[in-house]
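A structural walkthrough
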Amino acid sequence: MEMPHTPATVLVVDDAPSNLAILTESLRTEFDVRIATSGAEALRLVREVPPDLILLDILMPEMDGYEVCRRLKATPSTRNIPIIFLTAKGDVADETLGLAIGAVDYIIKPVSIPIVQARVRTHVELKRRGDILETLSMRDGLTGIANRRRFDDTLERAWRQALRNASPISLIMADIDHFKAYNDTYGHMAGDECLRSVAHTLANCLNRPGDLAARYGGEEFAMVLEDTKLTGASHLAEEMRQAVASLTARCKKRIWLS
């Protein structure tokens, strides 16, 4: 998988306009820079569009940088965003605390702009490489769709959201009938191609970003449908069955789906 070419997003959080201006000017040629002047504003911006990295001042009124960091690290959707503290608090105890609550780096003011640029560059690259590895770990190696691990994570998240919102959730389970006989007759390479064809067909039937098609195991597949009632799930399941059945003409080898 290639590294992404779009500029990384860096959120700079500081209540001093002069600091914001200096940091923004020094980073904007390489990164998409956003700014926040308070901890509350920073949390709001992160919830709206999570950045790739946060440069966070510690000494701010109402909510200091430590508390912002704690809240971000306590939230599953934001805990992996790297945070670099920028602060005049240069005691060893302060730096130790910052790193202990989850920051990846700690830069003492007055800052050296080349140092800030180098450390931001390093941690952004590490974050992106980590994101790629995480994506690969959630993908089935044979079919390219989501694997069982991602299915389990998605189902748990969707279930909790359905409970919070009192909204419906549906699950479709699909299995290729007589797959062992298919493998024995046409060989494992044909069996692998069969699995890939079925997986892509099922995934292509899903049109909403929140829905997920995953390989559950062997020749079994599972689809998680958020905010979907039984009637809608039943209609989609039949659409999937017909789509897989249409593969027969193209592959000239029958695929059964139950």
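Thresholds, definitions, all that
- Each chain has its residues counted from 1, running along the sequence as written.
- The model is predicted, so local features are restricted to residues of pLDDT at least 70 and side-chain atom pairs to those at 80 or more, both for listing and for counting; the totals for chains, interfaces and linings are taken over all residues.
- Where side-chain values are given, they derive from all heavy atoms of the structure, hydrogens and water being excluded.
- Helix and strand labels come from DSSP, where a helix needs a run of H or I of at least four residues and a strand needs a run of E of at least two; each type is numbered from the N terminus.
- In this setup the radius of gyration rests on C-alpha atoms only. A globule is expected at 2.2 Å times the number of residues raised to 0.38.
- Each residue gets one of three labels from its accessible area relative to the maximum for its type: buried under 20%, exposed over 50%, partly exposed in between, using a 1.4 Å probe on protein chains only.
- Residue contacts are counted whenever heavy atoms from the two residues lie within 4.5 Å of one another.
- The method behind every accessible area is Shrake-Rupley, applied with a 1.4 Å probe, and residues are considered shielded solely by the protein chains displayed.
- Only four residue types enter the tally: Lys and Arg on the positive side, Asp and Glu on the negative side; His and the chain ends are excluded.
- Every charge is mapped to an atom, namely NZ of Lys, CZ of Arg, CG of Asp or CD of Glu.
- This arc corresponds to the set of directions leading from the helix axis out to the C-beta atoms.
- In this text, buried Ala, Val, Leu, Ile, Met, Phe, Trp, Tyr and Cys residues form a nonpolar core when linked through side-chain atoms within 4.5 Å.
- A pair of strands is treated as paired once DSSP finds two or more bridges between them.
- Between N-to-C directions, angles cover 0 to 180 degrees, with each direction set by a line fitted to C-alpha atoms, over the stretch in contact for helices.
- In the cavity and pocket records, a cavity denotes points on a 1 Å grid over the protein atoms alone where a 1.4 Å probe fits but cannot get out, a pocket denotes an open set with protein on both sides within 12 Å along at least 5 of 7 lines, and lining residues are residues with an atom within 4 Å of a point.
- Grid points are joined across faces, edges and corners, and a volume is the space filled by probe spheres set on the points.
- The classification used treats Ala, Val, Leu, Ile, Met, Phe, Trp, Tyr, Cys and Pro as nonpolar, Asp, Glu, Lys and Arg as charged, and all other residues, Gly among them, as polar.

**Topic: the overall build of the protein chain**
Secondary structure summary: the protein chain contains 10 helices and nine strands in total. Here the C-alpha radius of gyration of the protein chain, 24 Å, is well above what a compact globule of 258 residues would show, namely 18 Å. In terms of its C-alpha atoms, the protein chain occupies a principal-axis envelope of roughly 70 × 40 × 30 Å. Burial statistics for the protein chain: of 258 residues in total, 41% are counted as buried. Across the protein chain, every contact between residues at least 6 apart in sequence was considered, and the portion connecting residues at least 24 apart equals 60%. Of the accessible surface of the protein chain, which amounts to about 14,200 Å², a share of 54% is contributed by carbon and sulfur atoms. Here the protein chain carries 32 positive and 36 negative side-chain charges, and the mean point of each set is 4 Å from the other.

**What to know about helix H7 (residues 179-186)**
Taken residue by residue, H7 has Phe179, Tyr182 and Asn183 as its buried positions. An end-on view of H7 places all buried positions within 100° of arc, on one side of the element. Exposed positions of H7 whose direction lies more than 90 degrees from the buried face are Lys180, Asp184 and Thr185. Contact partners of the buried residues in H7: strand E6 (169-177) and helix H8 (188-204).

**Observations concerning the nonpolar core**
Val198, Phe221, Met223 and Met240 are the most contacted members of the largest nonpolar core, which totals 24 residues. Within the residue set of this core, elements represented by two or more residues are E6, H7, H8, strand E8 (220-226) and helix H9 (230-245). Met223 has contacts with Ser170, Leu171, Ile172, Ala174, Leu202, Leu206, Leu212, Ala213 and Met240, leaving out every residue within four places of it along the chain. Listed in part, the 22 residues of the second largest apolar core include Ala36, Ala42, Ile58 and Val68.

**Focus on the sheet that holds strand E5 (residues 105-108)**
Spatial ordering of the open sheet is given by E2-E1-E3-E4-E5, a layout of five strands whose pairing is parallel. What marks the edges here is a single partner per strand, and that holds for strand E2 (32-36) and E5. Pairs of neighbouring strands in the sheet enclose a mean axial angle of 20°, with direction left out of account. In this sheet, strand E3 (residues 53-57) lies alongside strand E1 (residues 9-13) in parallel orientation, the contact comprising four bridges. For Val13, the partnering residue across the bridge sits in E3 and is Leu56.

**Observations regarding the layout of surface pockets**
Counted as a void, the largest pocket has a volume near 1,000 Å³. Forming the walls of the largest pocket are 29 residues, and the residues nearest its centre are Pro76, Ser77, Asn80, Glu134 and Met138. Mapped onto the lining of the largest pocket, the elements with two or more residues apiece are helix H5 (113-137) and helix H6 (148-165). Broken down by element, the residue count for the lining of the largest pocket peaks at seven residues, all from H6. A per-class count over the lining of the largest pocket returns eight nonpolar, nine polar and 12 charged. One number sums up the size of the second largest pocket: a volume of about 380 Å³. Around the second largest pocket, the lining comprises 14 residues; the ones closest to its centre are Arg150, Thr154, Arg157, Asp211 and Leu212. Listed by contribution, the elements that provide at least two residues to the lining of the second largest pocket are H6 and strand E7 (212-217). The leading source of residues in the lining of the second largest pocket is H6, at four residues. Partitioned by chemical class, the residues of the lining of the second largest pocket number seven nonpolar, two polar and five charged.

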